[in-house]
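# Architecture at a glance
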Amino acid sequence: MQGYPIIEAGALEFDVHIPFQMARRVLRAICTIAPQDGEIESLQKLTDVIERDGVAEMLPPLSFLLGLKSGTRDRDAAAPISAQLVISALIGLVVNVAARRPLVLLLEDLHWCDQESRTFLDDLVRALPAHRCLMLMTYRPEFEPGWHAHRHFQEIRLAPLGPDDALQFLTNMFGDDDSTRQLTDGILKSAEGVPLFLEEMTREVEHSGALTGELGNYQLTDALSLIHISEPTRHI
């Protein structure tokens with residue numbers, strides 16, 4: 001994927017209650033709108049992208065999506081903008097960008113995605129076979145995408161690490177000194193093979209000051225209290 005533009009966006013925990021939140025982040029990423037950009041600069045960036053990759057009719061719905069007042073203010077007020085019009089305009093912009101140059105969309109944590117953004121993604125997935133756009137998406141096992149029937153969709157499930165792989169991960173980190181074996185056993189039991197938990201707990205040990213040595217060859221010099229997984233990490 002080197003040399004191809006990569007558009008990154010993701011959902012956060014409370015986005016499920018905010019219509020079009022992930023779709024809005026996709027559009028901001030396409031237009032390279034930064035958090036510190038004001039309304040005038042944001043509208044200019046959107047206008048520049050539409051002039052390059054879109055059509056003028058996209059400006060009202062996409063500026064509406066970003067909460068901006070476009071240059072067609074009177075027409076915007078006279079013609080209410082529907083959710084489907086916003087979705088169609090954003091899909092049109094994405095496929096036009098992909099027509100100019102192959103595009104990669106990296107979308108994370110879809111299990112927190114709002115319903116309107118999910119409708120956008122559903123429609124975009126259906127449109128993909130005709131365009132040079134690769135979508136890479138991550139979500140929890142409980143998320144059920146409606147795309148399994150599409151021949152161009154492939155799901156790769158990432159299972160927790162098995163006991164041998166988890167042990168190898170910790171051995172690469174701590175080494176196999178006798179002093180760290182009890183520590184390793186405790187982390188293996190608590191992390192349950194989840195890579196994120198393994199990383200969080202090894203990081204906590206690293207910052208505890210109880211280790212001497214170097215990566216892959218540590219010795220435990222001070223007794224450690226129970227290593228735990230922080231609530232924010234476990235909630236992820």
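So, a few notes on the structure that sits alongside this text. Position numbers for residues count from 1 along each chain, tracking the sequence in the order it is written. In keeping with the predicted nature of the model, local features appear solely for residues at pLDDT of at least 70, side-chain atom pairs appear and are counted solely at 80 or more, and the whole-chain, interface and lining totals rest on all residues. Hydrogens are left out, water is left out, and the side-chain values use all remaining heavy atoms of the structure.

To continue, consider the nonpolar core. Here, nonpolar core means buried Ala, Val, Leu, Ile, Met, Phe, Trp, Tyr and Cys residues that are tied together by side-chain atoms lying within 4.5 Å of each other. To sort residues, take the accessible area from a 1.4 Å probe on protein chains only and compare it with the maximum for the residue type: under 20% means buried, over 50% means exposed, and anything in between is partly exposed. Counting residues in each nonpolar core, the largest one holds 48 residues, and the members touching the most others are Leu27, Leu62, Leu105, Leu107, Phe120, Leu121 and Met135. Breaking this core down by element, the ones donating at least two residues are β1 (6–10), α1 (21–30), α2 (39–53), α3 (59–65), α5 (83–100), β2 (103–108), α6 (115–127) and β3 (133–137). A run of H or I in DSSP becomes a helix once it reaches four residues, and a run of E becomes a strand once it reaches two; helices and strands are each numbered from the N terminus. Considering each element in turn, this core owes the most residues, 10 residues, to α5. Note on contacts: a residue pair is in contact if any heavy atoms of the two residues lie within 4.5 Å. Apart from the residues lying within four places of it in its own chain, the contact partners of Leu121 are Met22, Leu107, Leu110, Cys113, Met135 and Trp147. If you look at the next biggest cluster of nonpolar residues, it comprises 13 residues, including Ala166, Met173, Leu198 and Tyr218.

The next point concerns unusual backbone geometry. Backbone geometry at Phe20 places phi at a positive 65 degrees, although glycine is not the residue there. Examined against the element boundaries, Phe20 turns out to sit in the loop between β1 and α1. One non-glycine residue, Glu192, lies in the positive phi region at around 55 degrees. Looking at where Glu192 falls in the secondary structure, it is placed in the loop between α8 (181–191) and α9 (195–206).

For the rest of this paragraph, the subject is the environment of Ala210. Here Ala210 is to be found in the loop between α9 and β4 (211–214). Residues Ala210 and Leu220, 10 residues apart in the sequence, show an inter-C-alpha distance of 5.9 Å.

Comment: axis = line fitted to C-alpha atoms, over the contacting stretch for helices; angle = value between 0 and 180 degrees taken between N-to-C directions. At a minimum axis separation of 10 Å, α5 and α6 run at an interaxial angle of 45 degrees. Relative to α6, the element α5 lies oblique. Viewed along their axes, α5 and α6 form a crossing whose handedness is right-handed. In this structure, α5 contributes Gln84, Ile87, Leu90, Ile91 and Val94 to the contact, and α6 contributes Glu116, Thr119, Phe120, Asp123 and Leu124. Any angle between 65 and 115 degrees counts as roughly perpendicular, while under 35 counts as roughly parallel, over 145 as roughly antiparallel, and the rest as oblique. Left-handed is the label given to a crossing in which the near helix is rotated counterclockwise from the far helix by less than a right angle, and right-handed is the label when the rotation is clockwise.

Moving on: the pattern of salt bridges. A carboxyl oxygen of Asp or Glu within 4 Å of a side-chain nitrogen of Lys or Arg is what we treat as a salt bridge. In this structure the tally under the stated criterion is 9 salt bridges. The shortest N-O distance in the salt bridge between Asp53 and Arg52 comes to 2.6 Å. Relative accessible area serves as the criterion here: at 5%, Asp53 is assigned to the buried category. For Arg52, a relative accessible area of 48% translates into the label partly exposed. The partner of Asp178 in a salt bridge is Arg181, and the shortest N-O contact between them spans 3.1 Å. The exposure class assigned to Asp178 is exposed, which follows from its relative accessible area of 58%. Because the salt bridges share partners, they merge into one network encompassing Arg52, Asp53 and Arg100.

Here we come to the sheet that holds β1. One open sheet holds the 3 strands; their spatial order is β1-β2-β3, and the pairing between them is parallel. With one partner strand each, in any of the chains shown, β1 and β3 form the two edges of the open sheet. The sheet shows a mean angle of 15 degrees between the axes of neighbouring strands, direction not considered. As defined by bridge partners, β1 adjoins β2 across 5 bridges and the pair is classed as parallel. Its bridge partner lying in β2, Ala9 is registered against Leu107. Here α5 sits on the sheet and contacts β2 and β3; the angle it forms with β2, its principal contact strand, is near 135 degrees. We treat two strands as partners when DSSP finds at least two bridges between them.

From the geometry alone we can't say anything about function, so treat these as descriptive.
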